[in-house]
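# Coordinate analysis (summary)
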Amino acid sequence: MQIDQSSLRQLYRNLDNLRQDVPRVNAWALNDMAFAVHRENKALMKRVFDNPVPYTLNAFYVRKATPQVQTATVLRKDRIQGQHYLEVQQDGGSRKQTGFEKLLSRRLKYEGILQSVLPTKSAGRNRYGNLSQGLIQQVLSAVQSQRDSAQNTTADSRKRAGKRRAAYFVPQADSSLSPGVYERRGKTIRKMLAFSDTVPSYSARFPMEEHGRKVASAEAAPAFDRALSRAVKARV
């Protein structure tokens, strides 16, 4: 029995066909690498941030590569307006005011400089550790700072609520109470929010670019092997 190169002709034909598949193989591999970065990005956020909200964990998406466009990209979803808060976590620096802080600083009758609002231990929080929307809305209404003035608390609505509902107030400038928002329930007064005239500043703690490049590099060889095997199986 003779075995010569004629026995390899089918393999040669398969190899010729695979050359045509190179752009598609590259796209599959690049997409695998991008989705690996995307998964690790979520894992990194869970390690870096304390109980991140779903909005944070889902802040990125993958723009897939194609045979025509040989680039896969992990992108941050755009905000409707303003700087994305993850930029500060990634690069460090000062953060801009939140919507809540903007409303208070612009609408509240307060003589001091209100740059940031810091919750106290008494402030109601959601399961992710952030101020609850219920508390935010109650405070804005009580201190007459709602965007829609019709939602602000009035004398009549306060009377209807009676003593069942907590009252919120900001002390006068000459008060012995420190600047902030206080809750009054009967004779009990608790400070819920503290006012600060300084801009919160953060050190960089979310190395997304650096971490992503390491993950992509480690995933390159196995991703290409999987893509090539997939193309070979399709040709056999």
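Presented here is a report on the structure given in the accompanying data block. (Residues numbered from 1 in each chain as written. Predicted model: local features only at pLDDT ≥ 70, side-chain atom pairs only at ≥ 80, totals over all residues. Heavy atoms only, no water.)

### Looking at helix α4 (residues 99–107)
By the burial criterion, the buried members of α4 are F100, E101, L103 and L104. Along the axis of α4, the buried positions cluster into a sector of 160 degrees, meaning they face one direction only. As for α4, its buried residues are in contact with β4 (116–119), α5 (133–142) and β7 (188–196). (Buried < 20%, exposed > 50% of the residue type's maximum accessible area, 1.4 Å probe, protein only. Helix = DSSP H or I, 4+ residues; strand = E, 2+ residues; numbered from the N terminus. Arc of directions from axis to C-beta. Contact = heavy atoms within 4.5 Å.)

### Examining the pattern of salt bridges
The final tally for this structure, using the stated rule, is seven salt bridges. As a salt-bridge pair, D32 and R226 come within 3.3 Å of each other at their nearest N and O atoms. Within this pair, whereas D32 is found in helix α1 (residues 9–48), its partner R226 is found in helix α7 (residues 208–235), the two being separated by 194 residues in sequence. For R213, the salt bridge goes to E209, with nearest N and O atoms at 3.6 Å. On the criterion of helical spacing, the pair formed by R213 and E209 is a turn pair, its members being four residues apart in helix α7. (Salt bridge = Lys/Arg side-chain N within 4 Å of Asp/Glu carboxyl O.)

### Some remarks on the nonpolar core
Inside soluble globular proteins, nonpolar side chains tend to come together where they are buried. In terms of nonpolar packing, the biggest core is built from 24 residues, with M45, F60, V74 and F206 touching the most fellow members. Listed by contribution, the elements that provide at least two residues to this core are α1, β1 (60–63) and α7. In terms of residue count, α1 provides more of this core than any other element does, 10 residues in total. Beyond its immediate chain neighbours, meaning those up to four positions away, M45 contacts P52, T56, L57, F60 and F206. By size, the runner-up hydrophobic cluster in this structure holds 21 residues, among which are L104, I136, A166 and M192. (Core = buried A, V, L, I, M, F, W, Y, C linked by side-chain atoms within 4.5 Å.)

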